[in-house]
Amino acid sequence: MRKHIKLASATRITTNYAGELARPYVSAAILSGITLDSRSVRVLENVKYKANINKIATAQIIQAATCDFTDEADVTLTERVLTPTELQVNLELCKKDWIPHWESVNMGAGRLDQDIPSSLSSFILENIAAKVAEQMEYQIWQGESGGGGVYTLFDGFLEVIKDDAAAGNKFEGGAGGATDANGTLISALSADGDPTNPSHVIGIFENVLAEIPTAVLQSSDFTVYANQKQLFALRRAQAALGYKDDFYERQGEFTSFLGYRVAPAYGLPDTSLVFGQSENLVFGTDLLSDHIEANVIDMAQTDGSQNVRVVMRFTAGTQVGVVDDIYRYQYVAS
């Protein structure tokens, strides 16, 4: 018995989404990178223009009880401002290049338990969203607004730390050992202290953790951030120490080092590690705004071509709440 399968027409695929209708695609584009998807940093949504991240500082506030109200300590309130940047995706693709791939996926319905896009426009948007998420992962860590590198849309976490953190919070590792930003030797490391080298990575972790104040280390959300290559080096080094050793402990999807959570942050460069509270690293976006767009525009009715244009608009930005509670290790090759 023959079975005839009729696929949806791929001739005209113009689809316009805005506001709530755009959320499945725009959200996937922004939040699907490993750092944001795992919620290993704080994510603020519905940031229309800017968000104030407040910091409250107090002296000793507990006092002996009396019958009166006695104001015991001064409260200092400071704030840092997160202002998301407006971003867009503008691409032109040939429809004919996508039809065979989309039809193949539809013929294999249920393959790998994946949801199959019902239309070519959805299929294109989902593929583009995956690529956007990959680039966003690097942007939130390595971004430098107006810089000369690849990721220049807005400042990422490393740039904020570099600009604003206290000198002693930025450690450099090179020939002779790890030093802070003032050049003071912390302690000797093997060779050059490369965090992607299994022979060095445990020493780096131990040296930097030893320098971080107890008040930061004991926070329930204290996290070490490492990219995939650094995690591979750490796991190799842990495995060499023995299965089920304390070094080899795991916490769900995260690696653990001496009880401290190590979260994947694939956007980090191979030379950098970040240590601090996850709630202190803040990513902001507006996924509820009416201005969010995700469009696939078929150009056939305009110029007779087989091209389609993909348009996405959204916002994104980063900020560090208490920048002096975040620590960065930077490897400087000799």
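Our structure's up above, just so we're on the same page.
What you see is a predicted model, and the numbers here were worked out from it, not measured in a lab.

(A) Focus on the side chain of Thr-255. Position of Thr-255 relative to the elements: it lies in strand E11 (residues 254–257). Here the side chain of Thr-255 touches Arg-235 through a polar contact of 2.7 Å, side chain to side chain.

(B) Inspection of the pairing of strand E14 (residues 281–284) at higher detail. Of the two faces of E14, the one lined by Leu-281 and Phe-283 and the one lined by Val-282 and Gly-284 are each fully buried. Across 3 bridges, strand E2 (residues 42–44) lies against E14 in parallel orientation. The residue bridging Arg-42 from the neighbouring strand is Val-282, located in E14. Of the strand pairs in this sheet, E14 and strand E16 (residues 307–320) are connected by 4 bridges, and their pairing is antiparallel. Along E16, the bridge assignment pairs Leu-281 with Val-320.

(C) Up close: unusual backbone geometry. Residues other than glycine seldom take positive phi values, yet Arg-39 does so here, at roughly 55°. Assignment of secondary structure puts Arg-39 in the loop between helix H2 (34–37) and E2. You can call Arg-39 partly exposed: its relative accessible area is 42%. Positive phi values are uncommon outside glycine, yet Leu-258 reaches one of about 50°. For Leu-258, the location among the structural elements is in the loop between E11 and strand E12 (260–264). A residue is classified by how much of its surface remains accessible, and Leu-258, at 42% relative accessible area, is partly exposed.

The rules behind these values
Residues numbered from 1 in each chain as written. Predicted model: local features only at pLDDT ≥ 70, side-chain atom pairs only at ≥ 80, totals over all residues. Heavy atoms only, no water. Helix = DSSP H or I, 4+ residues; strand = E, 2+ residues; numbered from the N terminus. Polar contact = N/O pair within 3.5 Å; in protein donor to acceptor, adjacent residues only side chain to side chain. Buried < 20%, exposed > 50% of the residue type's maximum accessible area, 1.4 Å probe, protein only. Pairing = 2+ DSSP bridges.

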